Every structure is written in C-alpha cells, then in structure tokens.
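Examination of the molecular architecture
Residue strings, one per chain:
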Amino acid sequence: MAEQEYDVAIIGGGPAGTTPAILLAQKGRRVIVLEREKFPRFRIGESLLPYSMGAFDRLGVREVLKSKAMPKNGAEIATACGSRMVKFYFKNGFRLKHGDAFQIERAVFDQVLLDRAREVGAECREGVHVESVDFREDGVSIRTNSGEVRARYVIDASGRNSIIGNQLQLRRPYPNLRKFSCFGHFTGVQRDEGIDGTLTRLVRGEGFWFWLIPLDAERTSVGLVMDAATFRARKLSPEAMLEAAFEASPLMKERMAAAKRIGEVHSAGDYSFRNERFTGDRWMLAGDAAGFIDPIFSTGVFLAIQSGELAADALDRVLDDPACRDRLFAAYQKRVGGIMDKYLRFVTAWYEPEFIEVFTTPAKRFQLAAAVNAVLAGHVGFSWGIWWRMELFYLVCRLQRKVPLCPRITDHITLEPQAA
Ligand SMILES: Cc1cc2nc3c(=O)[nH]c(=O)nc-3n(C[C@H](O)[C@H](O)[C@H](O)COP(=O)(O)OP(=O)(O)OC[C@H]3O[C@@H](n4cnc5c(N)ncnc54)[C@H](O)[C@@H]3O)c2cc1C
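If you're wondering where the values come from, they're calculated on a predicted model, not measured in any experiment.

A separate point is the pattern of salt bridges. The tally for this structure, following the rule as stated, stands at 36 salt bridges. Ionic pairing is found between Arg-43 and Glu-37, a salt bridge with its closest N-O pair at 3.9 Å. By relative accessible area, Arg-43 is classed as partly exposed at 31%. You can call Glu-37 partly exposed: its relative accessible area is 27%. Linking Glu-126 and Arg-118 is a salt bridge whose minimum nitrogen-to-oxygen distance equals 2.9 Å. The class for Glu-126 is partly exposed, based on a relative accessible area of 22%. On the basis of relative accessible area, Arg-118 is assigned to the partly exposed category, the value being 34%.

A few words on empty space enclosed by the protein. The tally for this structure, following the rule as stated, stands at 4 cavities of 30 Å³ or more. Volume-wise, the largest cavity comes out at about 110 Å³. Forming the boundary of the largest cavity are Leu-49, Lys-72, Ala-75, Ile-77, Phe-88, Phe-90, Thr-200, Leu-202, Ile-296, Phe-297, Ser-298 and Leu-376. Looking at the lining of the largest cavity, the elements with two or more residues in it are strand 4 (74–79) and strand 13 (200–204). Of the residues assigned to the lining of the largest cavity, the class counts are 9 nonpolar, 2 polar and 1 charged. Counting only domains with at least three residues in the lining of the largest cavity, you end up with domain 1 (5–69 + 104–173 + 273–342) and domain 2 (74–102 + 179–269 + 352–420). Each pocket or cavity is described by its volume, and for the second largest cavity that value is around 60 Å³. When contributions to the lining of the second largest cavity are tallied by element, the ones reaching two or more residues are strand 19 (291–292), helix 9 (300–320) and helix 10 (325–350).

Definitions and cut-offs
Residues numbered from 1 in each chain as written. Predicted model: local features only at pLDDT ≥ 70, side-chain atom pairs only at ≥ 80, totals over all residues. Heavy atoms only, no water. Salt bridge = Lys/Arg side-chain N within 4 Å of Asp/Glu carboxyl O. Buried < 20%, exposed > 50% of the residue type's maximum accessible area, 1.4 Å probe, protein only. 1 Å grid on protein atoms, 1.4 Å probe; cavity = no way out; pocket = protein on both sides within 12 Å on 5 of 7 lines; lining within 4 Å. Points joined across faces, edges and corners; volume = space filled by probe spheres on them. Helix = DSSP H or I, 4+ residues; strand = E, 2+ residues; numbered from the N terminus. Nonpolar A, V, L, I, M, F, W, Y, C, P; charged D, E, K, R; others polar. Domains from an automatic or database assignment.

These figures come from the coordinates and say nothing about function on their own.
What follows is the structure, encoded as structure tokens:
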C-alpha cells in the first residue's frame, strides 16, 4: 500500500543523494532517502576537490569532516619510470577561493552526510532497494523491496546504477574511455614528509595510471586504471593485475616496497558514460546517476555534490512554483552537462601521450600551470582568465604532437601482454 506523499524522494544515500536531502530538508521540505545498503559501506572516491568546501559549509558538515579527514593540499603527477615529476599546490591555483580539500574514507564521509540529513529532518531508510519508478502526471510512485513510496518529484542519485537512466534507456558510454580499475587500502606505502604527504599522487604509464591517496597516518588508498581490453588480454585476477602493475613501474615498486594490503582488492569496469537527459517532468538525475567521466582528476564526488546542490535549488523553487519547472530543469541540464564537458575534454587530453610531456614541464609563463591547477581544484564557473589559458594549454598539447615544444618522454612502460 502506498504511504504518505513526500515532496521529494531521493534514490541513493551517496553524496549526490544526501546533498539535496540536507538542503531540501533544511528548507522544511518532506524528503525521503532510499538507500539499498546499510551504512557504513565501502565506496571508492576518497580524494575531494577544494571547490566542494563551500558546499560543506552550506551543508553544515565542514567541521565534522575536518575532524575525520586528512587535509589535501594539491597533487603530484609522475611518470611510471620515475624520470619526470611535477607537484602542484592548490594555494598557487589561479585566483582560487579554496586552497585545500579533504582526503577521506568514503564509508566515513557518506555516513557523516547521511547522519546530517537525518539531523535536519530527512527520513533516511537503509536496506531499501528501489526496483523501478512509475511516473504519474502529479508525481512518482517508487517500487521498492519493502513497498511503494510516493512523492511529487524524485531525484535519482543511485550512482552508476542509474535506475531511471536505465529504465528509460538513456545511457550512452564514452567509447574512448573503456577502462578497468582495481584498488585497495594499504599500510606502509612510502610517503613524503609534511605538506607533500597530503598530496594525491598520480603515476602514469602508457595506457595506465595509478593513484595513491593518503587516508590517515597509516593507510593509503592505491588504485590502478588501465584499458579494459588490456586487462582482459592479461587474463589475471584484479589482485594479480595490481601486483603485476606495481612490478612493471620502477616508481611504484619503490613506493610499495614495504606496503601491506588491508582488506580486499575491489574492481570496477566500463564506468564512463553519460545519460542523454538529466531531467523529465517529475525526475532529475544527480551525480553518477547522470553520468561519470573518469576517476583521473577526482571530479566524481565534486560533481555529485555540485549537481545535488543544483538539483535541490531547482526543486525547491519548482515545488512552490511548478510553472518555472521547464526553465529551471533546462538550466540544470545545461549547467551539469557544461561541467561534464569541461572535464571530459581534460580527461580525454590526459590519455593522449603529449599531455604528460606538457604537464610535467614546469612553465610559469602565462600562468598556464596556475589555470590548470584551478580547473583541477573544481573552478568550473566561467572565468575569461582561466578560459584562454586552458585553450592555450590544449593548443600546446596539440602542437606537441608534431613539434617537441617540451622534452619527449622516451622510457615508455606499458601493461600490454607482450611487454609482460
Ligand atoms: C575507480 C574509481 C576511482 C574513483 N576515485 C574518485 C576520487 O578519488 N575522487 C572522487 O571525487 N571520485 C572518485 N570516483 C568517483 C566516485 O566514486 C563517484 O563519482 C561518487 O561516488 C558519486 O557519488 P553518487 O552519490 O553519485 O553515487 P554513489 O556514491 O555511487 O552512491 C549511490 C548510492 O545509491 C545506492 N543505490 C544504488 N542502487 C540503488 C537502488 N536500486 N536502490 C536504492 N539505493 C541504491 C548505492 O548503494 C549508493 O549508496 C572514483 C570512481 C571510480 C570508478
């Protein structure tokens, strides 16, 4: 039997779900979050961006997160052989409002947000699996393993499961980003002292890369991303693939020499896609449920929070004035799609060989590095100063293909089967 009607039902208790849950409940809206798992639960996505800090203030969680997280002051990018390396610090980003971010275990982060949603009045049900959504003219009926929930609007924040996106067959994969990733938590990973010990470290080979994210004084999240086709061709388990990749990279071998894995190796594959539409009459998609690009620049949680905020702001107005729905939903689609386009271009460039040659060649001229740094921090609002610098950066990458403006990288390390 159907229950009371909510203003907004949210599918999924990750950051894209709890962000609008908190914001709408704070405005006095009747909100329900339906989460299929019981928290705390493992999730990947532990390195956050400075431009989420403003949202954490708005959500009222910055201080509690600070007490549970490592600070993150920037990132380091190195080649797998260890011959080239560059570090950047958010404090040097082009006119950045936020100079640091958090590195945090997702089980902890997501629990803080879910607790906050409950605290401000959202009803949060765990262990509730959404099976499908029926759309009515005046609202939605959500079928779950424990009955039906009715609401005026629904936000699908079910992550890459994308319940509504799949139901309406909106999913479009990015053919150039068919990747596979395996990852786990380790102790004893080599780490630099001081502020450098807070950086996200990226180690890039040809067709693959690693992340190293410090989670606390002991533990580091370490992951490998590679072409899905190469993973299949190697015929290894995710555990064995991870070990083989450490072996293949002199830099990773050194960093992992004293490392011990704690817990299992997790894996994910073919995760990059975008849904054709993010809104309908009674629904909005937020976070990964709208689309996921690639983990390289740690934009996933940032986009989840950003889209969650935008969805909440739009729905809060639409609930009072349904006549403005089409305009606000169209603006949402344009804004979220625009941010995804920016990062998609950046991610696509990352997988070109020239990117790393340009990126690891320090250039103070024109403040190019500072502009790239700002985009990596989540500065996605329009800024002329950043726009032309990024265009110049892409131009240099394109020219590098033909003319070596920056020193070439010659010691290529690959995970292709013939190289093993
Ligand atoms: C390999 C890899 C590494 C990554 N690293 C980073 C990183 O360093 N930094 C970063 O910012 N991002 C990273 N990401 C991306 C990040 O994991 C996601 O972008 C982020 O979790 C999206 O948040 P979300 O709330 O949209 O979805 P999720 O966090 O996936 O939350 C969705 C929730 O919906 C629930 N759910 C799903 N189906 C149902 C259902 N049928 N009924 C009810 N509930 C349901 C799930 O249980 C889950 O709790 C990475 C991703 C990958 C694949």
